[in-house]
Amino acid sequence: MASLATIPQTHIFSKNPNSNLKKLTPKFQSFIISYNRRNPSSNLKMVLGKVEMTKVPLKMVAAASTVVAATSDEKKKKKGFVEEMRAVAMKLHTKEQSREGEKVAKGPEEKSPAKWEPSVEGYLRFLVDSKLVYDTLERIVLEAPVDYYAEFRNTGLERSEKLAKDLEWFKEQGHSIPEPSEPGVTYSKILEELAEKDPQAFICHFYNTYFAHSAGGRMIGRKNGGNPLILHFYHVRTHQVAEMILNKKELEFYKWDGDLSELLQNVREKLNKVAEGWTREEKNHCLEETEKSFKHSGEILRLILN
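This one's a predicted model, so the numbers in the text were calculated from it and none came from an experiment.

Thoughts on helix α8 (residues 260-275)
(1) Moving on: In a regular helix each residue adds 1.5 Å, so 16 residues correspond to 22 Å; α8 covers 22 Å between its end C-alpha atoms and thus fits that length.
(2) Moving on: Those residues of α8 lying buried are Leu-260, Leu-263, Leu-264, Val-267, Leu-271, Asn-272, Val-274 and Ala-275.

Below you can see the structure in the form of structure tokens.
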């Protein structure tokens with residue numbers, strides 16, 4: 001006869017003995033049902049998707065732990081290397097930018113957009129430099145100096161064409177379109193060099209540039225004589241942009257053709273597939289490049305405030 005032990009459900013699933021009963025995963029529910037069929041006298045019961053237990057065979061405790069651990073491992077494997085990239089990126093945010101942030105805000109661009117003092121001229125410089133960066137990224141994947149760059153052609157995340165339309169709109173409104181400035185020019189050259197010599201580092205910049213922008217924008221308040229001004233705020237997750245630059249104009253830069261979540265998932269899968277061919281050292285090198293990616297994107301973002 002199996003040994004019995006009085007083990008609260010929370011002791012199996014939580015380190016906190018005072019936590020409430022947790023809902024079980026479908027896989028574990030199936031395990032419980034199967035166990036009860038084989039053991040009619042079991043003290044284990046399912047109640048509204050939760051488990052109640054008094055005395056449970058120790059064998060089952062071990063089996064349950066194995067099921068839970070296997071489920072956790074499967075989830076990690078499914079998320080792949082992109083999840084590692086995301087985790088590193090989130091730590092480089094400030095607390096004002098993300099709950100997961102660990103960085104202390106220094107520059108004004110690292111603070112909440114509500115505290116920014118932007119200008120339309122600065123925003124135009126930001127758009128122009130951003131377009132140069134996207135032009136560079138999109139040209140590199142088309143030329144594909146490394147074979148797997150070709151996987152990232154026509155993903156639906158491309159921004160160059162959208163930015164060209166926005167800059168044309170600003171020109172029609174009488175604004176002068178500036179030439180690319182030092183931050184954008186420098187970053188473009190760095191991306192070209194990395195694409196040739198350091199593909200893992202290049203992929204890091206590719207990921208952070210596109211996924212940062214896809215995070216959306218946030219309203220920072222009414223500036224410039226009462227006109228609503230929405231600034232692109234990296235890594236702030238919103239599902240739609242409210243009002244954009246001047247006269248409630250919604251910029252093409254913030255629009256995607258198709259379902260954005262599907263486009264992002266498609267690119268995640270491609271990135272994970274590419275990373276499967278890397279060594280652990282190459283993956284670590286990619287992750288270590290994240291801070292440099294933030295540095296260069298931050299310099300371009302700062303143009304809004306200058």
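Points about the pattern of salt bridges
(1) Moving on: Counted by the stated rule, this structure contains 10 salt bridges.
(2) Moving on: Measuring nitrogen to oxygen at the nearest pair gives 2.4 Å for the salt bridge that ties Glu-192 to Arg-139. Taken together, the residues span a long stretch of sequence, with Glu-192 in helix α6 (residues 182-197) and Arg-139 in helix α4 (residues 120-143) at a distance of 53 residues.
(3) Moving on: Overall, Arg-139 belongs to the partly exposed group, its relative accessible area being 33%.
(4) Moving on: Residue Glu-299 is joined to Lys-295 by a salt bridge in which the shortest nitrogen-to-oxygen separation is 3.1 Å. You can see Glu-299 and its partner Lys-295 sitting in helix α10 (residues 290-301), 4 residues apart, about one turn around the helix.
(5) Moving on: One continuous salt-bridge network, built from bridges that share partners, spans Lys-162, Glu-252, Lys-255 and Asp-257.

Points about the packing of helix α7 (residues 199-214) against α8
(1) Moving on: Running from amino to carboxyl end, α7 crosses α8 at an angle of 165 degrees, the nearest separation of the two axes being 12 Å. By the angle between their axes, α7 is roughly antiparallel relative to α8. Along this stretch, α7 crosses α8, giving a crossing that reads as left-handed. Each of Ile-203, Phe-206, Tyr-207, Phe-211 and Ser-214 in α7 lies in contact with α8, whose residues at this interface are Leu-260, Leu-264, Val-267, Arg-268 and Leu-271.
(2) Moving on: Split by residue class, the contact of α7 with α8 holds 8 nonpolar, 1 polar and 1 charged.

A few points about the packing of aromatic side chains
(1) Moving on: Using the criterion set out here, one finds 14 aromatic pairs in the structure.
(2) Moving on: An angle of 45 degrees between the planes, with centres 4.7 Å apart, marks the rings of Tyr-149 and Phe-202 as tilted. In this pair, Tyr-149 is assigned in the loop between α4 and α5 (160-172) and Phe-202 in helix α7, connecting sequence segments 53 residues apart. Here Tyr-149 and Phe-202 have matching classes, each one buried.
(3) Moving on: Plain terms: the ring middles of Trp-169 and Phe-170 are 5.1 Å apart, the flat faces sit at 80 degrees to each other, and that makes the pair edge-to-face. Judged on exposure class, the residue Trp-169 and its partner Phe-170 are both buried.

Section: unusual backbone geometry
(1) Moving on: For Ala-144, which is not glycine, the phi torsion reads 50 degrees and is therefore positive.
(2) Moving on: With respect to the helices and strands, the residue Ala-144 is situated in the loop between α4 and α5.

A short note on the nonpolar core
(1) Moving on: With 54 residues, the main nonpolar core has Leu-127 and Phe-202 as its most contacted residues.
(2) Moving on: Secondary-structure elements contributing two or more residues to this core are α3 (58-91), α4, α5, α6, α7, α8, α9 (280-288) and α10.
(3) Moving on: Of all the elements, α4 adds the most residues to this core, at 11 residues.
(4) Moving on: If we skip the residues at most four places from it in the chain, Leu-127 touches Leu-163, Leu-167, Phe-170, Leu-251 and Phe-253.

Some words on the side chain of Ser-214
(1) Moving on: Tracing the backbone through its elements, the reader meets Ser-214 in helix α7.
(2) Moving on: Owing to a relative accessible area of 4%, Ser-214 belongs among the buried residues under this scheme.
(3) Moving on: Among the polar contacts made by the side chain of Ser-214, one reaches the main-chain carbonyl oxygen of Phe-211 at a distance of 2.9 Å.

Describing the confidence of the model for the protein chain
(1) Moving on: For the protein chain, per-residue confidence averages 73 on the pLDDT scale, and residues scoring 70 or more make up 55% of the total.
(2) Moving on: Counting contacts from residues 46-51, a segment whose pLDDT is below 50, to residues more than four positions away or on other chains yields 15 contacts.

Some thoughts on α4
(1) Moving on: Here α4 is 24 residues long and its end C-alpha atoms lie 34 Å apart, about the 34 Å a rise of 1.5 Å per residue gives.
(2) Moving on: Once α4 finishes, Ala-144 follows within two positions and takes phi at roughly 50 degrees, a positive value.

Structural notes on the packing of α7 against α9
(1) Moving on: Running from amino to carboxyl end, α7 crosses α9 at an angle of 45 degrees, the nearest separation of the two axes being 8 Å. Here α7 lies oblique to α9, going by the angle between them. Both α7 and α9 take part in a crossing whose hand is right-handed. Of the residues in α9, those touching α7 at Gln-200, Ala-201 and Cys-204 are Glu-282, His-285 and Cys-286.
(2) Moving on: Here the contact of α7 with α9 is composed, by residue class, of 3 nonpolar, 2 polar and 1 charged.

About the thresholds
- Residues numbered from 1 in each chain as written.
- Predicted model: local features only at pLDDT ≥ 70, side-chain atom pairs only at ≥ 80, totals over all residues.
- Heavy atoms only, no water.
- Helix = DSSP H or I, 4+ residues; strand = E, 2+ residues; numbered from the N terminus.
- Expected span 1.5 Å × (residues − 1).
- Buried < 20%, exposed > 50% of the residue type's maximum accessible area, 1.4 Å probe, protein only.
- Salt bridge = Lys/Arg side-chain N within 4 Å of Asp/Glu carboxyl O.
- Axes fitted to C-alpha atoms, helices over the stretch in contact; angles between N-to-C directions.
- Parallel < 35°, antiparallel > 145°, perpendicular 65-115°, else oblique.
- Left-handed = near helix turned anticlockwise from the far one by under 90°.
- Contact = heavy atoms within 4.5 Å.
- Nonpolar A, V, L, I, M, F, W, Y, C, P; charged D, E, K, R; others polar.
- Phe/Tyr/Trp six-rings, centres within 6.5 Å; stacked < 30°, edge-to-face > 60°.
- Core = buried A, V, L, I, M, F, W, Y, C linked by side-chain atoms within 4.5 Å.
- Polar contact = N/O pair within 3.5 Å; in protein donor to acceptor, adjacent residues only side chain to side chain.
- pLDDT = per-residue confidence, 0-100.

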